[in-house]
Amino acid sequence: MSKPSGIMRATLVKDLRLEWRSKDAINAMLFFALLVVVIFSFSFDPTAEESRHIAGGLIWVAFLFAAVVALNQTWARELRNQVLDGFRVSPAPPNALFLAKAFGNFIFVAVLEMLMAPLFVIFYNLRVIGSFPQLLLLVALGTWALVVNGTFFAAMSLRTRSREIMLPLLLFPISIPAIIGMVNGTTAILTGDDPALFWIVLLATYNLVFTTGSLLLFPTVLHAE
Amino acid sequence: MAANSSAQIAPIISIAGLIKHFGRFAALRGVAAEFFAGKIYAILGDNGAGKTTLLRSLAGLAQPTRGTIKILGGTPRQVCAELGYMAHPTLLYEEMSGMENLRYFGKLYGITDEKRCEELIRAVKLEPTLTRPVGQYSQGMRQRMSLARALLNNPKVLLLDEPFSNVDMRSGREMVELLTRLRTEGKTIFVVTHQASLLDGTADEFIWMDSGQIVTRTRTLAEGITNE
Amino acid sequence: MNRTFFILAGLTALLLAYATYAALVLAPTEQTMGDVQRIFYYHAPSAWTAFLLFFINFIASVQYLVRPSETADRFAKWAAITIGVIACVAPFFIPLPAGIEPSAVATTGLAVPAAYLLIRKYFSDQGTDILALSSAEVGVVFCTIVLITGPLWARPVWGIWWTWDVRLTSTLVLWLIYVSYLMLRRFSTSGETPKLAAALAVFGALDMPLVYFSIWFFRTQHPQPVIGGGGSIDPRMLRVFALNCFAFTCYAGIIVWFRYRIERMRRDVEETEALEALLEPRGTKSGGSR
């Protein structure tokens, strides 16, 4: 049997190749996030000074919804022709699949964030007053927090009726502390008013707890037919 | 249960009291059976008789609600490297070519040998150099590619779900020939099918299922039909 | 079993009636809030009961997940015992935030191994799952009561229905998590729903400390309405409060037990049906699954 890391790499490469050929997830995700940005701008005056204080929340809500689109897409691909069963009958370790999916989703959402960030800056007239490297770290941690649980619960929602609606129903309640951390940390850095250290520590803890939890429970969830 | 000529030999698969519920729906309601190495078993029955669930349980995909399955001395999950499973859907990525698919699934079994994949594709009468994505294959080609995928790890036990559906008569016969050849290599083969006539004279035993149970086992197809 | 159940149910009904009477009549009226405060005898015991039930759900879920594997089972058992020991010793040596008694922490900590070992000993595989299901269902009901009675009290006293304070918000999140738990159980098409649900319950429990701390820190940065306040509490009030807590716990216990029995019966019936189908002579059975 190949090493788990080899299987993980093969799965990740396969996912990226499939995405490159179909571009299902990234297109839907990008357009969705764009719509959210535009629609939000109608609900308040986006150039007002106080809108800086809600920009953090706005950005993450857009990313959160877009991430759900991506997460649903990556597993939908495994459901077509029941390819997932092909993985499940093999001796490959389930966690290799989990990590490959989580890394793949991380890449998708990170690409989305890189493409969307300039839009936010332009539409909402933003500039970073706090530390920029801190912001990068916070965004990386926040994105991992979204995708690690997202990947886990997407696998869980495969076993439910109306799968696509079940994912946010399972994911959002559990993600609340992460969302509080991302939103407040981002706002703190954007406005430069408060220190963001607590939120970074919170997100790091969240990631540690749920990455471990997912790795422990994913094999059970994958084989729960 | 029908007497088996090789009853003295230890069975390689034994199922005891197998029950599988999906929520409130009982797909299998107590299956007990033994199967022996180097035979072709045809599993027959109406839709909803539990054929596919039985096959998925043997493949380790569906966990038994009750009861046990022993294959080659272990649970299906423990011996999954020795099992080959071909589902009704193809289990192939439509956007990738046949070779790319086999290469990926090969890695899951630790098979990195390109030649093994090429041989298999030729064995099912396809061309390894075909770069078309599987999504553009004809139904018969997909079905054969799917069989190649199931044979990838050279399994001792082969589980096939409707391998002949949507395949023309000639390709169907070719597949049966291939299965006969695999049997001579000592493989045990299970075929869930609606086209039982294709296996008439080839299969060693016909397993008739109804309402989640094995109703009867017959040596010939005709015997089973008269029993009905 | 049947008789015991009905006797206990009757006793609980009497106890609950007396506790309600005590709350509405016997307890003295609060000086500043007036009669509105009496909703507390209903609100706080419901909260305590809901938390207790969610705690039981968590313990039962862990037990259900680890049971198939001997190593995991042993590991979880010792982890529970370790938690109990640490919770008994540590609070007396490390400084705790003001207002938290070390003995209270120790008692709570002891509940972990106690509940774990009891459930491990007295519940079968199916039993732990049914216990998890029924405690979650009843817990959600009590948690809903908490979330409804809270604003009813807050409106006349604070002048607002709701505030995003730590306790309120984390209770709301807890409720959300358990509602999603029940939805998962309802929407699942898997034959292994209990495992999926147990995994979600464990995730929810891991989440709660993070929820609490994140909201706590979030809120300390922002102005807050003043909640609670000093002043001494009449011992009669405390007595009525304790009585109500006890009555509610018994009440929840009876309902969970009842729910447990119904679910158990339902599963037994299903199983009997499946087994009867086995015994029927071949060929004559009805094609139920067709």
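Residues numbered from 1 in each chain as written. Chains lettered and ligands numbered in written order. Predicted model: local features only at pLDDT ≥ 70, side-chain atom pairs only at ≥ 80, totals over all residues.

### A word on the overall build of chain C
Our working rule: Numbering of helices and strands runs from the N terminus; a helix is a DSSP stretch of H or I covering at least four residues, while a strand is a stretch of E covering at least two. Once C-beta atoms are placed from the backbone, each residue is buried if 20 or more other C-beta atoms lie within 10 Å of its own, exposed if 12 or fewer, and partly exposed for counts between those two. Note on contacts: residues are paired as contacts if their backbone-placed C-beta atoms lie within 7 Å.
In terms of helices and strands, chain C carries 8 helices and 0 strands. Per-residue burial over chain C gives 31% buried out of 290 residues. Nonlocal contacts in chain C, meaning residues at least 24 apart in sequence, comprise 78% of its contacts between residues at least 6 apart.

### Points about the overall build of chain A
Here is the rule: With C-alpha atoms as the basis for the radius of gyration, the globule rule is written as 2.2 Å multiplied by the number of residues raised to the power 0.38.
A count of helices and strands for chain A gives 8 helices and 0 strands. Reading the helices (α) and strands (β) of chain A from amino to carboxyl end gives α-α-α-α-α-α-α-α. Taking 225 residues into account, the globule formula puts the C-alpha radius of gyration at 17 Å, and chain A, at 18 Å, falls close to it. The burial tally for chain A puts 51% of its 225 residues in the buried class. Taking as baseline every contact in chain A between residues at least 6 positions apart, the subset at least 24 positions apart corresponds to 85%.

### As for the interface of chain C and chain A
As a reminder, the rule being used: Amino acids are sorted into nonpolar (Ala, Val, Leu, Ile, Met, Phe, Trp, Tyr, Cys and Pro), charged (Asp, Glu, Lys and Arg) and polar (every other residue, Gly among them).
Taken together, the contact pairs 30 residues of chain C with 28 residues of chain A. Those elements that place two or more of their residues in the side of chain C that touches chain A are α6 (166-187) and α7 (193-220) of chain C. For the side of chain C that touches chain A, the element with the highest residue contribution is α7 of chain C, accounting for 16 residues. Looking at the side of chain C that touches chain A residue by residue, the class counts come to 19 nonpolar, 8 polar and 3 charged.

### A few points about the interface of chain B and chain A
Counting from both sides, the interface comprises 24 residues of chain B and, opposite them, 23 residues of chain A. Those elements that provide at least two residues to the side of chain B that touches chain A are β5 (83-86) and α2 (98-108) of chain B. Counting residues per element, the side of chain B that touches chain A draws most heavily on α2 of chain B, which supplies 4 residues. Its residues placed into classes, the side of chain B that touches chain A shows 16 nonpolar, 4 polar and 4 charged.

### Points about the sheet that holds strand β3 (residues 40-45) of chain B
Residue and element names in this part refer to chain B. Operational definition: A pair of strands is considered paired only if DSSP assigns at least 2 bridges between the two. Throughout, an axis means a line fitted to C-alpha atoms (over the contacting stretch in the case of helices), and angles, computed between N-to-C directions, take values from 0 to 180 degrees.
Taking strand neighbours across the sheet as the criterion, the 6 strands line up as β5-β6-β7-β3-β8-β9 in an open arrangement whose pairing is mixed. Of all strands in the sheet, those with a lone pairing partner are β5 and β9 (213-218), marking the two edges. In this sheet, adjacent strand axes meet at a mean angle of 20° when their direction is disregarded. Strands in contact with helix α1 (residues 51-58) are β3, β6 (157-161), β7 (188-192) and β8 (205-210); relative to β7, the strand with the most contacts, it is inclined by about 150°.

### Section: the nonpolar core
Quick note on the threshold: Defined on buried residues, the nonpolar core groups Ala, Val, Leu, Ile, Met, Phe, Trp, Tyr and Cys residues joined through C-beta atoms within 7 Å.
Residues A67 of chain A together with A42, I43, L159 and F190 of chain B are the most contacted members of the largest nonpolar core, which totals 203 residues. If we ignore the near neighbours within four places in the chain, the residues touching F190 of chain B are Y41, I43, L55, L58, L158, L159 and L160 of chain B.

### Side note on the pairing of strand β1 (residues 13-22) of chain B
Residues and elements named next belong to chain B. Looking at chain direction, β1 and strand β2 (residues 25-35) are connected through 8 bridges and run antiparallel. Along β2, the bridge assignment pairs L18 with V31. Two successive antiparallel strands, β1 and β2, enclose a turn made up of 2 residues, where G23 displays a positive phi of approximately 60°. Sheet topology places β1 next to strand β4 (residues 66-71); 5 bridges connect them, and they run antiparallel. Across the sheet, I19 pairs through a bridge with R66, a residue of β4.

### Here we look at unusual backbone geometry
Residues and elements named next belong to chain A. A positive phi angle, near 60°, is found at N81, a position not held by glycine. Tracing the backbone shows N81 in the loop between α3 (51-79) and α4 (83-88). Exposure remark for N81: the 21 C-beta atoms within 10 Å place this residue in the buried category.

### Section: the environment of E50 of chain A
Its place among the elements puts E50 of chain A in the loop between α2 (24-42) and α3. Between the C-alpha atom of E50 of chain A and that of T191 of chain A, which follows or precedes it by 141 residues, the distance is 9.8 Å.

### Quick look at the confidence of the model for chain A
Which entries qualify depends on this criterion: Summary of the metric used: pLDDT quantifies the predictor's per-residue confidence within the range 0 to 100.
Residue-level pLDDT values for chain A average 88, and 98% of them are 70 or greater. α2 of chain A is the least confidently modelled element of chain A, averaging 83 in pLDDT, while helix α8 (residues 197-222) of chain A averages 94, the highest of any element.

### What about the sheet that holds β1 of chain B?
Residue and element names in this part refer to chain B. Within the open sheet, the 3 strands sit side by side as β2-β1-β4. Their pairing is antiparallel. Sheet topology places β2 and β4 at the edges, where each strand pairs with a single neighbour. Across the sheet, the mean angle from the axis of one strand to that of its neighbour is 20°, orientation sign disregarded. The strands touched by α1 are β1, β2 and β4; relative to β2, the strand with the most contacts, the crossing angle is about 60°.

### Overview of the packing of α2 of chain B against helix α3 (residues 114-123) of chain B
Residues and elements named next belong to chain B. The condition that has to hold: An angle below 35 degrees is treated as roughly parallel, one above 145 as roughly antiparallel, one from 65 to 115 as roughly perpendicular, and anything else as oblique. Here is the rule for handedness: rotate from the far helix to the near one, and if that takes an anticlockwise turn smaller than a right angle the crossing is left-handed, while a clockwise turn gives right-handed.
One can describe the packing of α2 onto α3 by two numbers: an axis separation of 10 Å at closest approach and a directional angle of 130°. In terms of orientation, α2 and α3 fall into the oblique class. Classified by chirality, the crossing of α3 by α2 is right-handed. For the pair α2 and α3, the contacting residues are G98, M99, L102, R103 and G106 in the first and R116, C117, L120 and I121 in the second. Residue composition of the contact of α2 with α3, by class: 5 nonpolar, 2 polar and 2 charged.

### Let's talk about the packing of helix α3 (residues 70-89) of chain C against helix α4 (residues 102-122) of chain C
Residue and element names in this part refer to chain C. Running from N to C, α3 and α4 cross one another at 160°; their axes reach a closest spacing of 7 Å. Judged by the angle between their axes, α3 and α4 are roughly antiparallel. In this structure, the crossing between α3 and α4 has a hand that is left-handed. Contact with α3, carried on its side by K77, A80, I81, I83, G84, A87 and C88, involves V105, A106, T108, G109, L110, V112, P113, Y116 and R120 of α4 and no other residues of that element.

### Overview of α3 of chain B
Residues and elements named next belong to chain B. Defined as follows: The reported arc concerns the directions from the helix axis to the C-beta atoms and nothing else.
Among all positions in α3, only C117, L120 and I121 are buried. Each buried residue of α3 lies within a common arc of 100° when the element is viewed along its axis, so the set occupies one face. Residues of α3 that are exposed and angled more than 90 degrees away from the buried face: K115 and R122. Where α3 is buried, its residues meet α2 and α4 (139-151). The positive-phi residue at the C-terminal boundary of α3 is K125, with phi of around 65°.

### Observations regarding the environment of L199 of chain B
Residue and element names in this part refer to chain B. Tracing the backbone shows L199 in the loop between β7 and β8. Take L199: there are 23 C-beta atoms within 10 Å of it, and that puts it in the buried class. Between the C-alpha atom of L199 and that of E100, which follows or precedes it by 99 residues, the distance is 32 Å. Sequence-distant contacts of L199, that is, excluding residues within four places in its chain, are made with A42, V176, V191 and T193.

### Things to note about the environment of L16 of chain A
Residue and element names in this part refer to chain A. The residue L16 is located in helix α1 (residues 4-22) in this model. Take L16: there are 15 C-beta atoms within 10 Å of it, and that puts it in the partly exposed class. Between the C-alpha atom of L16 and that of K101, which follows or precedes it by 85 residues, the distance is 10.0 Å.

### A short note on helix α6 (residues 132-157) of chain A
Quick reminder of the rule: By this rule, a helix spans an expected 1.5 Å times one less than how many residues it contains.
Spanning 26 residues, α6 of chain A covers 37 Å between terminal C-alpha atoms, matching the ideal 38 Å at 1.5 Å per step. In terms of burial, α6 of chain A is a largely internal element, 19 of the 26 residues being buried.

### Section: the confidence of the model for chain C
All names here are of chain C. Here chain C shows a mean pLDDT of 85. Residues at 70 or above account for 89%. When pLDDT is averaged over each element of chain C, helix α2 (residues 40-66) comes out on top at 93 and helix α8 (residues 235-279) at the bottom at 86. When the criterion is pLDDT under 50, residues 225-230 qualifies, and its contacts beyond four places in sequence or with other chains add up to 4 contacts. Counting contacts from residues 282-290, a segment whose pLDDT is below 50, to residues more than four positions away or on other chains yields 17 contacts. Overall fold confidence for the complex sits at a pTM of 0.88, while the interface term, ipTM, reaches 0.89.

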